[in-house]
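Close look at the chain arrangement
Here are the chains, one letter per residue:
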Amino acid sequence: MSTPATPVDPLEHFRSRRYLGLLVLAAVLGAPIAALAYGFLSLTSSLQRWVFTDLPSALGIDPTALWWPLVPLPVAGLVVGLTIRYLPGKGGESPADGMHTGGVAHPAALPGIAIAAIASVGLGAVVGPEAPLIALGGGLSYLAVWLRRRDLPAQTAAVIAVIGSFAAVSTLLGSPLTGAFLLMEAAGLGGVTASLVLVPGLLGAGVGALIFVGLGSLTGHGTFSLAIPDIPGTSAPTAAELVWAVAVGLVAAPCCLAIRWLALRTRALVSPRVVLLTPVAGLAVAALAVLFAWSTGKPASDVLFSGQSALPQLVDHNAAYTVGALLLLIACKGLAYVVSLGSFRGGPTFPAMFIGAAVGIALSHLPGLAAIPGVAIGIGAFTAGMLRLPLTSVLLTSLFLGQDGITLMPLTIIAVVVSYVLTQRLTPVPQPSARADAATTRT
């Protein structure tokens, strides 16, 4: 009779000296990675201000000239197209594939990822900085350790990369906890493995958040954290608002699927001639912004960029937008989002939040739904539909809206669950060949 094997203690890794060393490494790496991430965000913010305000003024052009976006967006497309065509790593992952984590960016790919992201985010494409920051943070963290030890095991390399990613997005999404949820949920980790990765990752994020706060105070640029400074209070959800949460979730799912489908078709069209057609894509994004500004008198920046900076202003000043302006904003921002996802490099999170908020505000002109509950429902439903990360969507929406987010969390949860479940139900199951093609694309 064979002796039964001794069960392995799942907490054994936590007690090992190697794991304690990993925690020390997380604290050490968190500070410089967060500082570099802060520099990246500061650079893209300064580039936006210089290109859309300082440069036209220096050339004797009114910065509010409707046609000016037609200049920088094609330039952004050319830079991104050349990066994808000629630099290793193709400028990082295409945002049309959604949010993916868990891989380690090869050191040779890091310059291309940075260049494509700076051009896309800094020059007005409708993508956010979160995906490039995750890739750059993870890649730089891995590179720092790889330079000292070339024979890193794959599992160790993955954990080290996660530490850098946690630190890089530590405050971007409003809280280190939100970034942690996004990374863990997108990677699909659970059980003991999730805990082993989560603890050093959270430590790196905590150190990174402190670095962001310190640099924000020293430089005066702030922490680049998503938040509304002064949001009006709201009351507990009503029965009518619960019905609206279900309705918006049902509408958001097919809308998000349509955005993803169109973005993938755009990528298929642009990819064969990426150097030629990415500037054309930039011109299309700029034209949509010009159309919105000319039709409504509102700034073109409502359509351009990720929406991270414009979202708090949209919520605070929602009464200044007519229903017609909101509908045109949703259409123009949505189409610009489609083109940007299929052509540029960046993250899908903030534009989805912005479009969801605009939908919620537009619906608040109908009976039974106030503006702030509409914002909570819209952001939750559209973020869940685009990211397909339900826990992250609930947390992101709730933290963004502060105390109101806690009050309205039942509405957010209902909208998120309905949108997420319907999105999964409506998504076709990919064939084996399609799975292999997607894996090759991400590689």
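Right above here is the structure, for reference.
Anyway, here's the lowdown on the structure attached to this text. (Residues numbered from 1 in each chain as written. Predicted model: local features only at pLDDT ≥ 70, side-chain atom pairs only at ≥ 80, totals over all residues. Heavy atoms only, no water.)

1. Here we look at the overall build of the protein
We apply this condition: Put simply, DSSP marks the helices as runs of H or I at least four residues long and the strands as runs of E at least two long, and each gets a number from the N terminus on. Accessible area is worked out with a 1.4 Å probe on protein chains only. A residue is then buried under 20% of its type maximum, exposed over 50%, and partly exposed in between. Contacts were defined at the residue level, with two residues in contact if any of their heavy atoms lie within 4.5 Å. Surface accessibility in these figures is a Shrake-Rupley result with a 1.4 Å probe; residues are shielded only by whichever protein chains are displayed.
Along its length, the protein carries 18 helices and 0 strands. With 443 residues in all, the protein has 50% of them scored as buried. Here the contacts in the protein between residues at least 6 apart in sequence split such that 80% fall between residues at least 24 apart. Here the protein has roughly 19200 Å² of accessible surface; of this, 68% comes from carbon and sulfur atoms.

2. A word on helix α4 (residues 110-122)
Spelled out, the test is: In this analysis, the expected span of each helix is defined as 1.5 Å times one less than the number of residues it contains.
A rise of 1.5 Å per residue sets the reference length of α4, with its 13 residues, at 18 Å; its end C-alpha atoms lie 17 Å apart and thus fit the reference within 8%. Judged by how many residues are buried, α4 sits mostly within the fold: 10 of 13 residues are covered. Within the span of α4, buried status applies to Leu110, Gly112, Ile113, Ala114, Ala116, Ala117, Ala119, Ser120, Val121 and Gly122. Gly124 sits one or two positions beyond α4 and adopts a positive phi of about 110 degrees.

3. Considering the nonpolar core
The cut-off we apply is this: Definition of nonpolar core: a set of buried residues of the types Ala, Val, Leu, Ile, Met, Phe, Trp, Tyr and Cys, connected through side-chain atoms within 4.5 Å.
Formed by 106 residues in total, the largest nonpolar core has its most connected members in Leu133, Leu311, Leu314, Leu329, Tyr337 and Ile377. A total of 10 residues in this core trace back to one element, the largest contributor, which is helix α13 (residues 349-363). Dropping the residues within four chain positions of it, Tyr337 is found in contact with Val126, Ile259, Pro348, Pro351, Ala352, Ile355 and Met386.

4. Description of a nonpolar patch on the surface
For clarity, the threshold we go by: What goes into a patch is any residue over 30% in relative accessible area without a salt bridge, connected to like charges within 9 Å or, for nonpolar side chains (Val, Leu, Ile, Met, Phe, Trp, Tyr), within 5 Å. Salt bridges are defined by distance alone: a side-chain nitrogen of Lys or Arg within 4 Å of a carboxyl oxygen of Asp or Glu.
Residues Trp67, Leu70, Val71 and Leu283 make up a contiguous nonpolar surface patch of roughly 330 Å² in combined accessible area. Judged by its relative accessible area of 36%, Val71 is partly exposed.

5. Examining unusual backbone geometry
In this structure, Lys90 takes a positive phi of about 55 degrees despite not being glycine. Inspection of the secondary structure assignment puts Lys90 in the loop between α3 (72-86) and α4. What makes Lys90 exposed here is its relative accessible area of 54%. With a phi close to 60 degrees, Arg388 is a non-glycine residue in the positive phi region.

6. Side note on the packing of helix α12 (residues 323-343) against α13
Worth spelling out the cut-off: Helix axes are fitted to C-alpha atoms over the stretch in contact, other axes to C-alpha atoms as well, and angles between N-to-C directions run from 0 to 180 degrees. Should an angle fall under 35 degrees it is called roughly parallel, over 145 degrees roughly antiparallel, and 65 to 115 degrees roughly perpendicular, with every other angle called oblique. Left-handed describes a crossing whose near helix is turned anticlockwise from the far helix by less than a right angle; the clockwise case is right-handed. Residue classes follow a fixed rule: Ala, Val, Leu, Ile, Met, Phe, Trp, Tyr, Cys and Pro count as nonpolar, while Asp, Glu, Lys and Arg count as charged, and any other residue, Gly among them, counts as polar.
Interhelical geometry of α12 versus α13 gives an angle of 160 degrees and a closest axis separation of 9 Å. When the axes of α12 and α13 are compared, the pair comes out roughly antiparallel. Seen along the crossing, α12 lies across α13 with a hand that is left-handed. Between α12, through Leu326, Leu329, Ile330, Lys333, Gly334 and Tyr337, and α13, the contact on the second element is made entirely by Pro351, Ala352, Phe354, Ile355, Ala358, Val359, Ile361 and Ala362. Tallied by class, residues from the contact of α12 with α13 come to 12 nonpolar, 1 polar and 1 charged.

7. Digging into the side chain of Glu241
Inclusion rule: Charged-residue counts in this description rest on Lys and Arg as positive and Asp and Glu as negative, His and the chain ends being excluded.
Tracing the sequence through the fold places Glu241 in helix α9 (residues 239-270). The side chain of Glu241 sits in the buried core without any salt bridge; Lys298 is the nearest counter-charge, 23 Å away. Once residues lying within four places of it in the same chain are set aside, the contact partners of Glu241 are Ala236, Gly368, Leu369, Ala370, Pro373, Ile377 and Leu411.

8. Focus: helix α17 (residues 409-426)
Under the convention used in this document: Picture the helix axis, draw a direction to every C-beta atom, and the arc is the one those directions span.
Taking 1.5 Å as the rise per residue, α17 with 18 residues should run 26 Å; its terminal C-alpha atoms sit 25 Å apart, in good agreement. Within α17, the full set of buried residues consists of Leu411, Thr412, Ala415, Val416, Ser419 and Thr423. Along the long axis of α17, the arc covered by the buried residues comes to 125 degrees, so they all point the same way. On its buried face, α17 is in contact with α9, α14 (371-387) and α15 (390-400).

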